[in-house]
Structure formats: C-alpha cells, structure tokens
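# Structural features, examined
So you can see what is in the structure, the chains are spelled out below.
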Amino acid sequence: AQKITQTQPGMFVQEKEAVTLDCTYDTSDPSYGLFWYKQPSSGEMIFLIYQGSYDQQNATEGRYSLNFQKARKSANLVISASQLGDSAMYFCAMSNAGGTSYGKLTFGQGTILTVHP
Amino acid sequence: EAQVTQNPRYLITVTGKKLTVTCSQNMNHEYMSWYRQDPGLGLRQIYYSMNVEVTDKGDVPEGYKVSRKEKRNFPLILESPSPNQTSLYFCASSHTGTIKNIQYFGAGTRLSVL
C-alpha cells in the first residue's frame, strides 16, 4: 500500500529565511509522482510542484524546490525567502502507476507553516 | 479562466436529507475525482471518473454516489447524510489519471450534518 508521512505537525520560520518541510513516502511501484499542495486558511488547495520518480533533477518552481532523495524515499519541500503569505497548511501527495485506484493522490497529514515577521 | 467550480461552498443539513454537491470544470479534463479532508487524516479519495459514464470507488465510498453524464460535471450525491459525513469536500480534475497529471482542485465545500 502507498503511504505518505509528514512528521512535522507545525513549523515556524522567520520572514525571508528558508524552510524545509519533510515528506517521506512508501511504495513498491517503480513509477510514481510526488506533489506538494498549499492550503491557505481560506481552504482551497493550490498545486505547487511536481517530481516524477524517473526525473534526474530536482524540481524547482520559483521559490519552491523539491529535494528528492529516491534511495531514502524522501521528497522534502524547500521554500526559499519565506513570505508572510506562505503561512498555510502544506500537503505532500503521491500518485502511482499501479494500485487499486487509477489517478488517486495519496496525501500525508499535512504540516502547518507559520511565517513570523 | 481555467477552474474547477464547486457549489455550495458551505452547507448545513440534517441527518437523512438528501443533498448534492456540484462540481464543474472548464478545462476539458477527462479525469475527475472527489476527496474528503478530515483533521489528522489528510485527504482521502471518495470516487473518481476516468471519463463520461466511467466511475469507480476510491478509498472511502460508503454513503456516497456519483455520476458523470457530461465531461465537465461530476456531482457528489449523499442519499442519506449522517453526522460522520461532516467534512471538507474537494472536487479535482486533471487531463488524465496518469501519475504525472496535476490535479486541480475546487475551492472546497464545507458540509455539516446535524
């Protein structure tokens, strides 16, 4: 079975500093995708970044980068130069080529990030 | 503007009163899905649809129904809601269900069943 673990219920960071949100995953599929989503207090889910299991380079999208360590089964999100607007819940998620649910995203429990001025 | 639209955003109802949460996307996506979000559990998939008239169960389908008569619409039906269905519901869509397809989410529907 596929599983995503986010071990940090809450994280604090100073404005303009960098922060790393941890995500580990478990799957026996060789082909999978890893995603990060942001959920602000307003509730919507916003896609941030994607990493494929066969991608050689770590994904980057503006201030977001994904530190992908395949052997360790980790896919940590790095936010550089934090802004007050980054305060939100962050979810790591995985999609699998196999499994019993086509296209399903398996989500972690989420990490609440608070950015202090 | 490309978007997934859910209605209503907020709903309070009573046990046993049938309700429908609508979901519509304007991106011509084949794949649509419903999730529920509960504290400490992340999001869990309820049902999904690979295309018109093709639907299947996700991880937590009990108490829910769906239909996909048109490509753009994927309503979630609660025939007899119960308090344990109080949750935040999300509809999502993507081009296909392959692993690299980004799923775009609606704004969410917060449901309370009394």
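Scroll up a little and you will see the structure.
Residues numbered from 1 in each chain as written. Chains lettered and ligands numbered in written order. Predicted model: local features only at pLDDT ≥ 70, side-chain atom pairs only at ≥ 80, totals over all residues. Heavy atoms only, no water.

Further remarks concern the overall build of chain B. Within chain B, the secondary structure is distributed over 0 helices and 11 strands. Of the regular secondary structure in chain B, the N- to C-terminal order runs β-β-β-β-β-β-β-β-β-β-β. Over its C-alpha trace chain B gives a radius of gyration of 13 Å, about what one expects of a compact globule, namely 13 Å for 114 residues. With respect to the principal axes defined by its C-alpha atoms, chain B has extents near 35 × 30 × 25 Å. When burial is assessed residue by residue, chain B has 50% of its 114 residues classed as buried. Relative to all contacts within chain B whose residues are 6 or more apart in sequence, the contacts with residues 24 or more apart total 54%. Of the roughly 5,400 Å² of accessible surface on chain B, a fraction of 52% belongs to carbon and sulfur atoms. (Helix = DSSP H or I, 4+ residues; strand = E, 2+ residues; numbered from the N terminus. Rg over C-alpha atoms; globule rule 2.2 N^0.38 Å. Buried < 20%, exposed > 50% of the residue type's maximum accessible area, 1.4 Å probe, protein only. Contact = heavy atoms within 4.5 Å. Areas by Shrake-Rupley, 256 points an atom, 1.4 Å probe, with all protein chains shown as cover.)

Helix and strand counts for chain A come out as 0 helices and 12 strands. Each helix and strand of chain A, ordered N terminal to C terminal, gives the series β-β-β-β-β-β-β-β-β-β-β-β. The C-alpha radius of gyration computed for chain A amounts to 14 Å, which stays within 12% of the reference 13 Å derived for 117 residues, consistent with globular compactness. Principal-axis analysis of the C-alpha atoms gives chain A an extent of 45 × 30 × 20 Å. Looking at chain A as a whole, 50% of its 117 residues qualify as buried. Long-range pairs, those at least 24 residues apart, make up 57% of the contacts in chain A between residues at least 6 apart in sequence. Summed over its atoms, the accessible surface of chain A is roughly 5,400 Å², and 51% of this surface lies on carbon and sulfur atoms.

By a frequent convention, interface size equals the accessible area lost on bringing the separate parts together. Listed by partner, the interface residues are 25 residues for chain A and 26 residues for chain B. A buried area of about 1,900 Å², summed over both sides, lies between chain A and chain B, and 57% of it is on carbon and sulfur atoms. For chain A, the biggest contributors to the area lost against chain B are M45, Y102 and F107 of chain A; these three give 30% of the whole. Secondary structure elements with two or more residues in the side of chain A that touches chain B: β5 (32–39), β6 (46–52), β10 (88–96) and β11 (105–107) of chain A. Ranked by the residues each element gives to the side of chain A that touches chain B, the list is headed by β5 of chain A, at 5 residues. For the side of chain A that touches chain B, the per-class residue count stands at 11 nonpolar, 12 polar and 2 charged. (Buried area = accessible area lost by both parts, 1.4 Å probe. Nonpolar A, V, L, I, M, F, W, Y, C, P; charged D, E, K, R; others polar.)

A few words on the state of the cysteines. Residue and element names in this part refer to chain A. In total, this model carries 2 disulfides over all chains according to the counting rule given. With its sulfur 2.0 Å from that of its partner, C23 forms a disulfide with C92. Between C23 and C92 the disulfide shows an S-S torsion of about -65°. By sign, it is left-handed. Of this pair, C23 sits in the loop between β3 (19–21) and β4 (24–26) while C92 is found in strand β10, placing the two residues 69 residues apart along the sequence. Since its relative accessible area comes to 0%, C23 is described here as buried. (Disulfide = S-S within 2.5 Å.)

Next up on the list: the environment of Q56 of chain A. Residues and elements named next belong to chain A. Position of Q56 among the secondary structure elements: in the loop between β6 and β7 (60–61). Here Q56 falls in the exposed class, since its relative accessible area comes to 77%. C-alpha separation for the pair Q56 and Q83, spaced 27 residues apart in sequence, amounts to 29 Å.

Bringing the nonpolar core into the picture now. Nonpolar side chains in soluble globular proteins generally cluster together in the buried interior. Residues and elements named next belong to chain A. Counting 24 residues, the largest nonpolar core has Y25, L34, W36, I49, L77, Y90 and L113 as the members making the most contacts within it. Tallying contributions element by element places β10 first for this core, with 4 residues. Discounting residues that sit within four places of it in the chain, L77 has contacts with V19, T20, L21, W36, L48, I49, Y64, S65 and Y90. (Core = buried A, V, L, I, M, F, W, Y, C linked by side-chain atoms within 4.5 Å.)

Before going further, it helps to spend a moment on the sheet that holds strand β1 (residues 4–7) of chain B. All names here are of chain B. Taken together, the 4 strands give an open sheet; going across it, the order is β1-β3-β8-β7, and neighbouring strands pair in antiparallel fashion. Looking at strand neighbours, the two that pair on one side only are β1 and β7 (65–66), the edges of this open sheet. Two elements, β7 and strand β8 (residues 76–78), share 2 bridges in a ladder whose sense is antiparallel. Within β8, the residue paired with V66 across the bridge is L76. (Pairing = 2+ DSSP bridges.)

Treat this as a map of the structure, not an account of what it does.
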